[in-house]
Amino acid sequence: MCVILALLASAGLGSPAQASTVQPGPDRDRIGIQLLEAPASRRGDPRALRYIVDHVRPGTVIKRKIRVINRSAERQRLELYAAAATITRAQFTFTEGRASNELTPWISLDRDLVDLKPGEDAQVHSTITVPETASAGERYAVIWASTKPSNRSSQITQVHRVGIRVYLHVGPGGEPPSDFTIGQITPARAPGGEPSASIAVTNTGGRALDMTGTVALSEGPAGMRAGPFDITRGTTLAPGESGVVSVAFPADLPNGPWRIEATLESGMVKHTASGTITFPDPGRTGKASSLRDRLSTPLVIVGASLIAGLLALVVFGLARRHRRSAPGVATTPHHV
């Protein structure tokens, strides 16, 4: 029997993740899944509203409510389970079937099967029990809701599944900081004329990052402006890993030059960088150029240092004048 998996490893709060079948049709959006809870400390983190993202000490137990829904016109029996995931080549990668890793045995669900009528939904309680002996580090998994095949006589069975990612960091003390840097941008134009750009990103923090963001163009030919345009989702960076995010532009966009401003973020970490690019002719890749973070360019750092130095000189000068103009007052040195 050939089993075709329709996979999607993400879910958004307020709009359950939807599985897409191999062949488009009326069953394309047949099941959905949604995370219903997030830690109070992460209510402002969009990733924590979408995925299970947490930092805990060994021996900790965390619980999350999950909602599954039957969006099809037929009764659906959904199998619920956790399976392994990794981050490979700047992508969150999940395995077929029920492969396990160190994290999956820690995850339990209060039920492993739900039977839903058309339009019906159910809540599932998940529990992650971290062993006292767990070593430090970040681990990845997916909590899946999968349709249970009913007709096993068919030569081809479509299995639809949707899931919620789990990013669990274990370790003593506080959570490792999350951060990234933006590097070079490379413009290109496809043979059909569609322009695009690839932006290099490096994860400099201690947690995995799911990159999102927008890119805007300005100061183009005749003062043209364009955007903002959403970057293509799908870039996930493990700590210390480098990768690229890409963005597509309208085909009728002139070559430029353009001033480009990229605002990239993951969770509550955001950086904005800008530079200048020129798109090449169709079928070619343009010259790469560096983007500079608006808040940490050398010019800003030097400017701030100069201002601080000037202020120190002014304060020092005023203090000397005050001592000279106050006879009879002795000064005592202070050691800091």
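Colleague: Got a sec to walk through the side chain of Ser-218? Specific residues and values, please.
Modeller: With respect to the helices and strands, the residue Ser-218 is situated in strand S16 (residues 212–218). With sequence-adjacent residues up to four places away left out, Ser-218 is seen in contact with Met-224, Arg-225, Trp-258 and Arg-259.

Colleague: So what's going on with the pattern of salt bridges? Which residues, and what values?
Modeller: Under the defined criterion, the tally for this structure stands at 11 salt bridges. Note that Arg-139 and Glu-102 form a salt bridge whose closest N and O atoms lie 2.9 Å from each other. Taken together, the residues span a long stretch of sequence, with Arg-139 in strand S11 (residues 137–147) and Glu-102 in the loop between strand S7 (91–94) and strand S8 (107–109) at a distance of 37 residues. For Arg-139, a relative accessible area of 8% gives the class buried. Glu-102 sits in the partly exposed class, given a relative accessible area of 45%. What emerges from the salt-bridge pattern is a single network uniting Arg-42, Asp-45, Glu-138, Glu-175 and Arg-207.

Colleague: Tell me about the environment of Gly-240, and name the residues and values.
Modeller: Structurally, the position occupied by Gly-240 is in the loop between strand S18 (236–237) and strand S19 (242–248). Taking relative accessible area as the criterion, Gly-240 reaches 59% and is therefore assigned exposed. Sequence-wise, Gly-240 and Arg-207 are 33 residues apart; in three dimensions their C-alpha atoms are separated by 9.1 Å. Leave out the neighbours within four places in its chain, and Gly-240 touches Asn-203 and Gly-205.

Colleague: Give a detailed account of the side chain of His-169, specifying residues and quantitative values.
Modeller: Among the secondary structure elements, His-169 is positioned in strand S12 (residues 156–170). Residue His-169 is classed as buried on the basis of its relative accessible area of 10%. Leaving out residues up to four positions away in the same chain, His-169 has contacts with Asp-54, His-55, Val-56, Gly-137, Glu-138, Pro-176, Gly-206 and Arg-207.

Reading the values: rules and limits
Residues numbered from 1 in each chain as written. Predicted model: local features only at pLDDT ≥ 70, side-chain atom pairs only at ≥ 80, totals over all residues. Heavy atoms only, no water. Helix = DSSP H or I, 4+ residues; strand = E, 2+ residues; numbered from the N terminus. Contact = heavy atoms within 4.5 Å. Salt bridge = Lys/Arg side-chain N within 4 Å of Asp/Glu carboxyl O. Buried < 20%, exposed > 50% of the residue type's maximum accessible area, 1.4 Å probe, protein only.

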